[in-house]
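# A closer look at the structure
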Amino acid sequence: MADDLDDQWKLSDNNYNEVDSDDNSKDVVKDDTESLTSEKKGTKRKADDDMQTEPAIDGDNKTQGKKKKRRNRRRITEASKEELSKQGTNKDVRTMMLKSVEEKLHADVLKEILPDPATDFFICNSGALSPSEYFTSILPNWRELVKKNIHVGKNGSPCVLVVTSSAIRAVNLIRDLKAFTGDKCKVGKLFSKHMKIEDQKKFLTKFKCQLGVGTPNRLLALIKQGVLQTESLVAIVLDWNWRNPKMKRLPDVPEIQSDLTHLLMDHLMGVVKGSSSSCKLALL
């Protein structure tokens, strides 16, 4: 009986030792795992630090990465009052057109399509005259032109075409020109915003208008679609010197300048350069 108890006691003691040894082994494995994890984290941190401190390689020179240089463009608003008040000239129009085609066309062809500053322009507005006063100075026979266009003119074929940079400016110009246009003159509102092109096409098809005021892009579209005629033109007035709230003129906005150049080169200069034409350009 006593021997059996001793044997049981020894067995339970051995079991206790086995359990304790298992717990110890688990602790050892846990410690080893934690140490390996910490070593990996330390290695990763070191690698990240190395990547941060390693200088950037620029091609074969292995120099540090260069920052992109920002071009310091001069803004129009930074120009002096003298520059902003300077009026455009006939040569400015020719220069603008020349830049777009000088590499594509031969010199002899350029002479035929580019405006001559001496003969293809009315006298420029010095800035002292209002729009109505300037139009009266270059078109003293305006009343006769209106009467002739009403009686024998074609629908959608104005006598004068005014090219401006925005719809708001076009509306203001139409209002400012009332003293010049008079009561019998019909004005075509040929700008983009607030005016649907379908309505403008109906107007030009149905009515005779003596004065057309519009923006380059919309004028291009109406001429291409055959509803705006140019054969009766005696003056093409470019609203060249007016500045918008950002102090930009008609030729200062790239998109507008591109449309203006195409309008002049493809459709209007043929009228100015025509042998039997009396049409000229003017700068307002």
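What you see is a predicted model, and the numbers here were worked out from it, not measured in a lab.

## Notes on the side chain of T230
- Relative to the elements of secondary structure, T230 occurs in the loop between α10 (216-224) and β4 (235-238).
- Exposure remark for T230: the relative accessible area of 16% places this residue in the buried category.
- Non-local contacts of T230, meaning those with residues more than four positions away in its chain, are made with I223, H267, L268 and V271.

## Here's the deal with the packing of helix α3 (residues 90-101) against helix α11 (residues 254-272)
- Remark: α3 packs on α11, axes separated minimally by 10 Å, with the N-to-C direction vectors making an angle of 90°. Taken together, the axes of α3 and α11 are roughly perpendicular relative to one another. Where α3 approaches α11, its residues V93, M96, M97, S100 and V101 are matched on the opposing element by Q257, L260, T261, L264, M265 and M269.
- Broken down by class, the residue content of the contact of α3 with α11 amounts to 8 nonpolar, 3 polar and no charged.

## Remarks on the sheet that holds β4
- As summarised here, the arrangement of the 5 strands in space is β2-β3-β1-β4-β5, forming an open sheet in which the pairing is parallel. What marks the edges here is a single partner per strand, and that holds for β2 (187-190) and β5 (280-283). Across the sheet, the axes of successive neighbouring strands diverge by a mean angle of 20°, strand direction being ignored.
- Inspection of the sheet shows β2 paired to strand β3 (residues 211-214) by 4 bridges, in the parallel sense. Looking at β3, one finds that G188 is bridged to G212.
- Sheet strands in contact with helix α5 (residues 131-138) are β1 (160-163), β4 and β5, and its direction is about 150° off that of β5.

## Regarding the pattern of salt bridges
- Taken as a whole, this structure holds 7 salt bridges when the rule is applied.
- We note a salt bridge from D120 to K273, for which the minimum N-O separation is 3.0 Å. Separated by 153 residues along the polypeptide, D120 in the loop between α4 (107-113) and α5 and K273 in the loop between α11 and β5 bring together distant segments of the chain.
- According to the relative accessible area criterion, D120 is buried, its value standing at 8%.
- Note that D252 and R249 form a salt bridge whose closest N and O atoms lie 3.2 Å from each other.
- Each of R243, R249 and D252 takes part in a single network of salt bridges with overlapping partners.

## Focus: the pairing of β1
- Judged by which residues are buried, β1 turns out to be covered on both faces: V160 and V162 on one side and L161 and V163 on the other are all buried.
- Where β1 lies against β3, 4 bridges are found, and the strand directions are parallel. Looking at β3, one finds that V162 is bridged to V213.
- Strand direction decides the pairing type here: β1 and β4, joined by 4 bridges, are parallel. When the bridges of β4 are listed, V163 appears paired with L238.

## What about the nonpolar core?
- Counting 36 residues, the largest nonpolar core has V93, M97, I236, L238, L260, L264 and L268 as its most contacted members.
- Counting residues per element, the ones that place at least two in this core are α3, β1, α10, β4, α11 and β5.
- Per-element tally for this core: the top contributor is α11, with 9 residues.
- Contact partners of L264, with chain neighbours within four places excluded, come to V93, M96, M97, L238, M269 and L281.
- Counting 26 residues, the second largest nonpolar core, distinct from the first, contains L145, L173, F180 and L211.

What counts, and at which threshold
Residues numbered from 1 in each chain as written. Predicted model: local features only at pLDDT ≥ 70, side-chain atom pairs only at ≥ 80, totals over all residues. Heavy atoms only, no water. Helix = DSSP H or I, 4+ residues; strand = E, 2+ residues; numbered from the N terminus. Buried < 20%, exposed > 50% of the residue type's maximum accessible area, 1.4 Å probe, protein only. Contact = heavy atoms within 4.5 Å. Axes fitted to C-alpha atoms, helices over the stretch in contact; angles between N-to-C directions. Parallel < 35°, antiparallel > 145°, perpendicular 65-115°, else oblique. Nonpolar A, V, L, I, M, F, W, Y, C, P; charged D, E, K, R; others polar. Pairing = 2+ DSSP bridges. Salt bridge = Lys/Arg side-chain N within 4 Å of Asp/Glu carboxyl O. Core = buried A, V, L, I, M, F, W, Y, C linked by side-chain atoms within 4.5 Å.

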